[in-house]
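# What the coordinates show
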Amino acid sequence: PSCPVHEAGAVIAERYEVERRFEGGMGYVYITLDRSQNLRFAIKQPKAWMLAEPALLARVAREADAWTGLGMHPHIAYCYFVRSLDGVPHLFVEYVDGGNLREWIAAGRCIDYRASLDLAIQCCQGMERAHGWGMVHRDLKPENILVSRDGQAKITDFGLVGDLGIREDAAGVDRPEASALATQCGMQMGTPAYMAPEQWRDPRRRGVEAPDGVDCDSDVYSFGVCLWEMVCGRLPYPSALADAELPDPHRSRRDLPASLGQLLRDVVARDRRQRPADFGVLRKRLNAVHRELFGADAPAYRIELPDTGAAELNNQGYSYAELGKSEQALACF
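The following refers to the structure shown. What you are looking at is a predicted structure, and each value in this text was computed from that prediction instead of being measured. (Residues numbered from 1 in each chain as written. Predicted model: local features only at pLDDT ≥ 70, side-chain atom pairs only at ≥ 80, totals over all residues. Heavy atoms only, no water.)

### Here we look at the packing of helix H4 (residues 113-132) against helix H9 (residues 279-294)
Interaxial distance between H4 and H9 falls to 9 Å at its minimum, and their mutual angle equals 160°. Taken as axis vectors, H4 and H9 run roughly antiparallel relative to one another. Considering only the axes of H4 and H9, their crossing is left-handed. Between H4 and H9, the contacting residues are Tyr113, Arg114, Leu117, Ala120, Ile121, Cys124, Gln125, Met127, Glu128 and His131 on the first element and Phe279, Gly280, Leu282, Arg283, Leu286, Asn287, Val289, His290, Leu293 and Phe294 on the second. (Axes fitted to C-alpha atoms, helices over the stretch in contact; angles between N-to-C directions. Helix = DSSP H or I, 4+ residues; strand = E, 2+ residues; numbered from the N terminus. Parallel < 35°, antiparallel > 145°, perpendicular 65-115°, else oblique. Left-handed = near helix turned anticlockwise from the far one by under 90°. Contact = heavy atoms within 4.5 Å.)

### Comments concerning the packing of helix H8 (residues 258-267) against H9
At a minimum axis distance of 10 Å, the contact between H8 and H9 shows a crossing angle of 160°. Between H8 and H9, the angle is such that the two are roughly antiparallel. Judged by the twist between their axes, the crossing of H8 over H9 is left-handed. Note on element contacts: H9 touches H8 through Leu282, Arg285, Leu286, Val289 and Glu292, opposite Ser259, Leu260, Gln262, Leu263, Asp266 and Val267. Split by residue class, the contact of H8 with H9 holds six nonpolar, two polar and three charged. (Nonpolar A, V, L, I, M, F, W, Y, C, P; charged D, E, K, R; others polar.)

### Concerning the nonpolar core
In this structure, Trp67, Phe223, Leu260 and Leu286 are the most contacted members of the largest nonpolar core, which totals 60 residues. In contact with Leu260, not counting residues within four places along its chain, are Tyr113, Leu117, Val231 and Val289. In this structure, Val18, Tyr28, Phe81 and Leu85 belong to the second largest nonpolar core, which totals 10 residues. (Core = buried A, V, L, I, M, F, W, Y, C linked by side-chain atoms within 4.5 Å. Buried < 20%, exposed > 50% of the residue type's maximum accessible area, 1.4 Å probe, protein only.)

### A closer look at the sheet that holds strand S3 (residues 27-34)
The six strands lie next to each other as S1-S2-S3-S4-S6-S5, forming an open sheet whose pairing is antiparallel. The open sheet has two free edges, formed respectively by strand S1 (11-12) and strand S5 (79-85), since each of these has just one partner strand. Sheet analysis places S1 next to strand S2 (residues 16-23), joined by two bridges and oriented antiparallel. Bridge pairing in S2 places Val11 opposite Glu17. Strands strand S4 (39-46), S5 and strand S6 (88-94) of the sheet are contacted by helix H2 (residues 54-69), whose axis makes an angle of about 30° with S6. (Pairing = 2+ DSSP bridges.)

### Observations regarding the pairing of S3
Of all eight residues in S3, seven are buried, a share of seventy percent or more. The pairing of S2 with S3 spans seven bridges and is classified as antiparallel. Note that in S3 the partner of Arg21 across the bridge is Tyr30. Two successive antiparallel strands, S2 and S3, enclose a turn made up of three residues. The sheet contact formed by S3 and S4 spans eight bridges and is antiparallel. In the strand pairing of S4, Asp34 is matched with Leu39. Here S3 folds back onto S4 in antiparallel fashion, the turn holding four residues, of which Asn38 has a positive phi close to 55°.

### Observations regarding the packing of aromatic side chains
Taken as a whole, this structure holds nine aromatic pairs when the rule is applied. When the centroid spacing of 6.1 Å and the interplanar angle of 80° are considered together, the rings of Tyr16 and Phe41 count as edge-to-face. Within this pair, whereas Tyr16 is found in strand S2, its partner Phe41 is found in strand S4, the two being separated by 25 residues in sequence. Comparing Tyr16 with Phe41 shows no difference in burial state: the two are buried. Aromatic pair Phe41 and Phe81: ring centres 6.0 Å apart, planes at 65°, arrangement edge-to-face. One end of the pair, Phe41, is in strand S4; the other, Phe81, is in strand S5, and 40 residues separate them in sequence. Considered together, Phe41 and Phe81 belong to a single accessibility category, that of buried residues. Above the ring of Trp104, the side-chain terminus of Arg109 is found at 3.6 Å from the ring centroid. (Phe/Tyr/Trp six-rings, centres within 6.5 Å; stacked < 30°, edge-to-face > 60°. Lys NZ or Arg CZ within 6 Å of the ring centre and 35° of its normal.)

### Some thoughts on the layout of surface pockets
A volume near 1,100 Å³ is recorded for the largest pocket. Forming the walls of the largest pocket are 43 residues, and the residues nearest its centre are Val29, Lys44, Glu143, Asn144 and Asp157. Within the residue set of the lining of the largest pocket, elements represented by two or more residues are S2, S3, S4, helix H1 (48-51), H2 and S6. For the lining of the largest pocket, the residue count by class is 19 nonpolar, 12 polar and 12 charged. (1 Å grid on protein atoms, 1.4 Å probe; cavity = no way out; pocket = protein on both sides within 12 Å on 5 of 7 lines; lining within 4 Å. Points joined across faces, edges and corners; volume = space filled by probe spheres on them.)

### Overview of the pairing of S5
Across six bridges, the pairing between S5 and S6 is antiparallel. Among the inter-strand pairings, Arg83 is bridged to a residue of S6, identified as His90. Linkage of S5 to S6, two consecutive antiparallel strands, is achieved through a turn of two residues, within which Asp86 is found at a positive phi near 55°.

### Some points on the pattern of salt bridges
With the rule as written, the count across this model stands at 25 salt bridges. Among the ionic pairs, Glu229 bridges to Arg102, the shortest N-O distance being 2.8 Å. Of this pair, Glu229 sits in helix H7 (residues 216-232) while Arg102 sits in helix H3 (residues 101-106), placing them 127 residues apart in sequence. In this structure, Glu128 and Arg283 form a salt bridge, with 2.5 Å as the shortest nitrogen-oxygen distance. With a gap of 155 residues between them, Glu128 in helix H4 and Arg283 in helix H9 connect regions that are remote in the sequence. The class for Glu128 is partly exposed, based on a relative accessible area of 25%. Each member of the salt-bridge network shares a partner with another, and the members are Glu198, Arg201, Arg205, Arg206, Asp212, Asp215, Asp217, Arg272 and Arg275. (Salt bridge = Lys/Arg side-chain N within 4 Å of Asp/Glu carboxyl O.)

See below:
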């Protein structure tokens, strides 16, 4: 299959007017206005080189399947549905109006501890949901954390989760063929400055055959690098591959509370045994710092999750039908 690349002003499928276009290594993202619903979507389209390889095209379908299956969560950018255009699956994702965490860091909006701790705890909530579904993100970075104008953080871009093997059941079944394909194609599976040491050594999902592979604590490391940038305004290590000693975060921020300084060191420990084991543990430690500084829990420390509604199930069913999964579609409907 092939699909045209759209410019600003173009109309996709006679309905979605392209306002802006962004380009990444594996695809394009169009910010569009749905003329029928007066609703904005971010539409993800894979690049032509991915479509030329059947296994990579299957990877696009896996991302669509995985992301749609996460459902609605206040701290994950919602994937409304998948629609096939010109024979190519496109992801229709929630549009978030406040930019991304990179832009917030650059504008100095994370310097305030109250703001940075609350944003970090929101991200923990989103990642707890993803990990609870057996999904490891493996490309967490400020560009993949969207923030609304009112300060609501949402994790986005689950494009690499399928390369680890998404759980098929509660026991967890890995799919190693995608990692083998990535090696064969010479693809960079992640962003170097944010990749945990084990992600460089073995890109496979941790298991019997890959005891030092990637797992939930690898995402903790990646987010830890983001946290350093939020709080200290810098990356923790001078080089992604360097085995340098971790610098003292207090040198970058003299007013840093001792508890937060220790957490910053722990969260990017090269020895994964020294890191917080998961995002639940990290959320609790971040909230302890918030209580220490402000005398109360962070606003996002405890959240109420919405029930699965008819609209959400309908979107999932539509996506499954577009992916050729009729039984799952009928179950949703």
